[in-house]
Amino acid sequence: MNIIRRNIPNTLTCLNILSGCIAVVFAFHPAEMFGQWAGWQWACMAIGIAAVADFSDGFMARLLHAYSDLGKELDSLSDLVSFGVAPAMLVMNILGHNPSTPAWLPWIALFIPVCGALRLARFNIDTRQTDGFIGLPIPANAIFWIGWAALAMGGDMSWIVNTWVVLACIVLEALSMISNIRFISLKFHNYKWKENERRWILLLASLLMIIFWGLAAFWPVICIYLLISLAGKSK
């Protein structure tokens, strides 16, 4: 029983990386239909499942007191695939699917997992990131690109795949992961407005935008997260 309990978090982490790998496969077929959904939608769904598994493995580790060095390293490796490589492949192939995209631009998307790897490596050895984050968390990176993909593939949003817009998004968003910007944690120690003002603003604004815009809302949500984090010290 102890063996099973110890390995429940690691099993969830393995689901994370499995979902990330599935997302990578679908990312190479962004416009192809698989049932009622296109490849980009399946890729986003797989990344979403990976995010749920990523949250759940930490929750179960705390609940079952099943911490391990193996679990910590496995979590980082899984996050790199699901939230670094998978969204980069999604961006790369959506750009490649667009005939107006310069041939060199899709390759710039590889900058995303490089910065993601640096972000995760620094997080593992940085003891300052207990109540907040230094640099954009890599799951937020994936959320940003899911929103971008929905805008790029979901309608008349030609501006979102403009060469210079995409280049700026990739470079600035990737660099934010390895920046010294202090991003707020969404963990609530209590639910008082005064002590959690920025958290409540972010959550309520995100909820409203997701209700009205669906997946496309994830792109501005992360932009708001950045702006709110810059507005004050992390709590």
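Now for a quick tour of the structure. (Residues numbered from 1 in each chain as written. Predicted model: local features only at pLDDT ≥ 70, side-chain atom pairs only at ≥ 80, totals over all residues. Heavy atoms only, no water.)

## So, the overall build of the protein chain
Applicable threshold: Each helix corresponds to a stretch of at least 4 residues labelled H or I by DSSP, and each strand to a stretch of at least 2 residues labelled E; elements are numbered beginning at the N terminus. Residue burial is assigned from relative accessible area. The probe radius is 1.4 Å, only protein chains are included, and a residue is buried under 20% of its type maximum, exposed over 50%, and partly exposed in between. Contacts are residue-level and defined by heavy atoms, with any inter-residue pair within 4.5 Å sufficient. Accessibility throughout is a Shrake-Rupley quantity obtained with a 1.4 Å probe, and a residue counts as covered only by protein chains that appear here.
Helix and strand content of the protein chain: 9 helices and 4 strands. The order of helices and strands in the protein chain, counted from the N terminus, is α-β-β-α-α-α-α-β-α-α-β-α-α. The buried share of the protein chain, taken over its 235 residues, is 45%. Long-range contacts, defined here as pairs at least 24 residues apart, represent 74% of the contacts in the protein chain between residues at least 6 apart. A total accessible area of about 12,400 Å² is found for the protein chain, and carbon and sulfur atoms account for 71% of it.

## Some thoughts on helix 7 (residues 163-177)
Convention followed: Take the residue count of a helix, subtract one, and multiply by 1.5 Å to get its expected span. Think of a polar contact as two N or O atoms within 3.5 Å of one another; within protein, one of them needs to be a possible hydrogen donor and the other a possible acceptor, and neighboring residues in sequence only count if both atoms come from side chains.
With 15 residues, helix 7 extends 22 Å from end C-alpha to end C-alpha; this agrees with the ideal 21 Å at 1.5 Å per step. For helix 7, the full list of buried residues reads Thr 163, Val 166, Leu 167, Cys 169, Ile 170, Glu 173, Ala 174, Ser 176 and Met 177. If you check the start of helix 7, you find a side-chain oxygen 3.0 Å away from the backbone N of Trp 164, and it comes from Asn 162.

## Things to note about the packing of helix 3 (residues 69-97) against helix 6 (residues 138-153)
Defined as follows: Between N-to-C directions, angles span 0 to 180 degrees; the directions come from axes that are lines fitted to C-alpha atoms, helices contributing only their stretch in contact. Orientation categories follow fixed angle ranges, with anything under 35 degrees roughly parallel, anything over 145 roughly antiparallel, 65 to 115 roughly perpendicular, and all other angles oblique. For any helix crossing, the convention is left-handed if the near helix is rotated counterclockwise from the far helix by under a right angle, and right-handed if that rotation is clockwise.
Contact geometry of helix 3 with helix 6 gives a least axis separation of 9 Å together with a crossing angle of 20 degrees. With respect to helix 6, the element helix 3 is oriented roughly parallel. For the pair helix 3 and helix 6, the sense of crossing is left-handed. Counting all contacts with helix 3, which are made through Asp 79, Leu 80, Phe 83, Gly 84, Pro 87, Leu 90, Val 91, Ile 94, Leu 95 and His 97, the residues of helix 6 involved are Ile 138, Pro 139, Asn 141, Ala 142, Trp 145, Trp 148, Ala 149, Ala 152 and Met 153.

## Section: the layout of surface pockets
Heads up, the condition is: Of the two site types, the cavity is a set of points on a 1 Å grid over the protein atoms alone where a 1.4 Å probe fits but cannot get out, and the pocket is an open set with protein on both sides within 12 Å along at least five of seven lines, each lined by residues with an atom within 4 Å of a point. Grid points are joined across faces, edges and corners, and a volume is the space filled by probe spheres set on the points.
If you add up the space inside the second largest pocket, you get close to 230 Å³. In this structure, the second largest pocket is lined by Leu 136, Phe 144, Ala 168, Cys 169, Leu 172, Glu 173, Ser 176, Phe 183, Ile 222, Cys 223, Leu 226 and Leu 227. Among the elements of the structure, helix 7 and helix 9 (218-230) are those that each provide at least two residues to the lining of the second largest pocket. Broken down by element, the residue count for the lining of the second largest pocket peaks at 5 residues, all from helix 7.

## Here's the deal with the nonpolar core
Counted only if it meets this: For this analysis, a nonpolar core means a set of buried residues of the types Ala, Val, Leu, Ile, Met, Phe, Trp, Tyr and Cys, connected via side-chain atoms within 4.5 Å.
Counting 56 residues, the largest nonpolar core has Leu 90, Trp 145 and Trp 148 as its most contacted members. Here this core gets 11 residues from one element, more than from any other, and that element is helix 6. Those residues in contact with Trp 148 that sit more than four places away from it in its chain are Val 91, Ile 94, Leu 95, Ile 160, Val 161, Val 166 and Trp 219.

## What about the packing of helix 6 against helix 7?
Heads up, the condition is: Nonpolar residues are Ala, Val, Leu, Ile, Met, Phe, Trp, Tyr, Cys and Pro. Charged residues are Asp, Glu, Lys and Arg, and all others, Gly as well, are polar.
With their axes 10 Å apart at the nearest point, helix 6 and helix 7 run at an angle of 165 degrees to one another. With respect to their mutual orientation, helix 6 and helix 7 come out roughly antiparallel. In terms of crossing hand, the pair formed by helix 6 and helix 7 is right-handed. For the pair formed by helix 6 and helix 7, the contact residues are Ile 138, Asn 141, Phe 144, Trp 145 and Trp 148 on the first element and Val 166, Cys 169, Ile 170, Glu 173 and Met 177 on the second. For the contact of helix 6 with helix 7, the residue count by class is 8 nonpolar, 1 polar and 1 charged.

## Some details on the environment of Cys 169
On the secondary structure map, Cys 169 appears in helix 7. Judged by its relative accessible area of 12%, Cys 169 falls in the buried class. Along the primary structure Cys 169 and Phe 144 are separated by 25 residues, whereas in three dimensions their C-alpha atoms are 9.7 Å apart. Filtering out sequence-adjacent residues up to four positions away, Cys 169 remains in contact with Phe 144, Trp 145, Ala 174 and Trp 219.

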